[in-house]
Amino acid sequence: PTRQHAALSPYLESMNHTGFEVLFMHQLIDEFVVGHMGDYNGKRLVSIESPEVETKASEQTKEGLSAEDATKFADWLKNTLPERLEAVKVTQRVMSSPAVIVGHESSMMRNMRKMMDQGR
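Along every chain, residues carry numbers that run from 1 in the direction the sequence is written. Selection of residues for local features in this predicted model requires a pLDDT of at least 70, selection of side-chain atom pairs for listing and counting requires 80 or more, and totals for whole chains, interfaces and linings are taken over all residues. Water and hydrogen atoms were dropped before computing side-chain values, which therefore reflect all heavy atoms in the structure.

Caption draft 1: Fine view of the packing of aromatic side chains. Only the six-membered ring of Trp is used, alongside the rings of Phe and Tyr, when aromatic pairs are assigned; centres must lie within 6.5 Å, and planes under 30 degrees apart are stacked while those over 60 apart are edge-to-face, with the rest tilted. Inspection of the entire model under this criterion finds one aromatic pair. Aromatic pair Phe-73 and Trp-76: ring centres 5.9 Å apart, planes at 15 degrees, arrangement stacked. Taken together, the residues Phe-73 and Trp-76, both in helix α4 (residues 67-80) and three residues apart, mark about one turn of the helix. The way it works is that DSSP assigns letters per residue, a run of H or I at least four long becomes a helix, a run of E at least two long becomes a strand, and they are numbered from the N terminus.

Caption draft 2: Examining a nonpolar patch on the surface more closely. Together, Ile-29, Val-33, Met-37 and Tyr-40 make up a nonpolar patch on the protein surface, roughly 370 Å² of accessible area in all. With three residues, the top contributor of residues to the nonpolar patch is helix α3 (residues 28-37). In this structure, Val-33 sits in helix α3. Like-charged residues within 9 Å of one another, or nonpolar side chains (Val, Leu, Ile, Met, Phe, Trp, Tyr) within 5 Å, are grouped into patches, provided each residue has over 30% relative accessible area and no salt bridge. Areas reported here follow the Shrake-Rupley algorithm with a probe of radius 1.4 Å; residue values treat only the protein chains shown as occluding. For this document, the term salt bridge refers to a Lys or Arg side-chain nitrogen within 4 Å of an Asp or Glu carboxyl oxygen.

Caption draft 3: Geometry of the side chain of Glu-13. Along the chain, Glu-13 turns up in helix α2 (residues 13-18). When a residue's accessible area, from a 1.4 Å probe over protein chains only, is under 20% of the maximum for its type it is buried; when over 50% it is exposed; and in between it is partly exposed. Looking at Glu-13, the relative accessible area reads 12%, which means it is buried. By definition, residues are in contact when any of their heavy atoms lie within 4.5 Å. Apart from residues lying up to four places away in sequence, Glu-13 is in contact with Val-94, Met-95, Ser-96 and Ser-97.

Caption draft 4: Quick look at the pattern of salt bridges. Going through the model one piece at a time under the given rule, you end up with three salt bridges. We note a salt bridge from Lys-43 to Glu-21, for which the minimum N-O separation is 3.9 Å. A residue pair is termed long-range when its members are at least 10 positions apart, and Lys-43 in strand β2 (residues 43-44) and Glu-21 in the loop between α2 and α3 qualify at 22 residues. This pair shows no difference in class: Lys-43 is exposed, exactly as Glu-21 is. For Glu-68, the salt bridge goes to Lys-72, with nearest N and O atoms at 3.3 Å. In this pair, Glu-68 and Lys-72 both sit in helix α4, four residues apart, roughly one turn of the helix. With relative accessibility at 52%, the residue Glu-68 sits in the exposed group.

In structure tokens form, the structure reads like this:
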């Protein structure tokens with residue numbers, strides 16, 4: 001992935017409209033190190049892929065499903081893929097993308113696994 005791909009990520013959509021600062025990390029070790037720092041100069045550092053990140057879409061971009069339809073869709077997903085999904089949550093985190101997947105396994109762990117595999 002390139003910086004250009006990262007800038008187009010659905011995870012970044014709402015960050016661009018809310019004023020959150022985003023630090024692009026492209027080395028496998030980056031997220032591991034930053035994850036252990038916790039904060040920097042009083043600012044909490046959180047992965048953009050984290051379920052903890054919650055933003056609100058701006059009023060100008062509130063398009064798409066109604067709250068009722070979004071809830072129906074979430075229920076459909078839960079019933080269709082119960083063995084593959086831990087949870088489904090309706091959110092305003094994305095604006096033009098239909099959904100984002102936030103996993104119970106942190107991206108830091110996935111990246112650490114990649115690093116370990118590269119060392120073999």
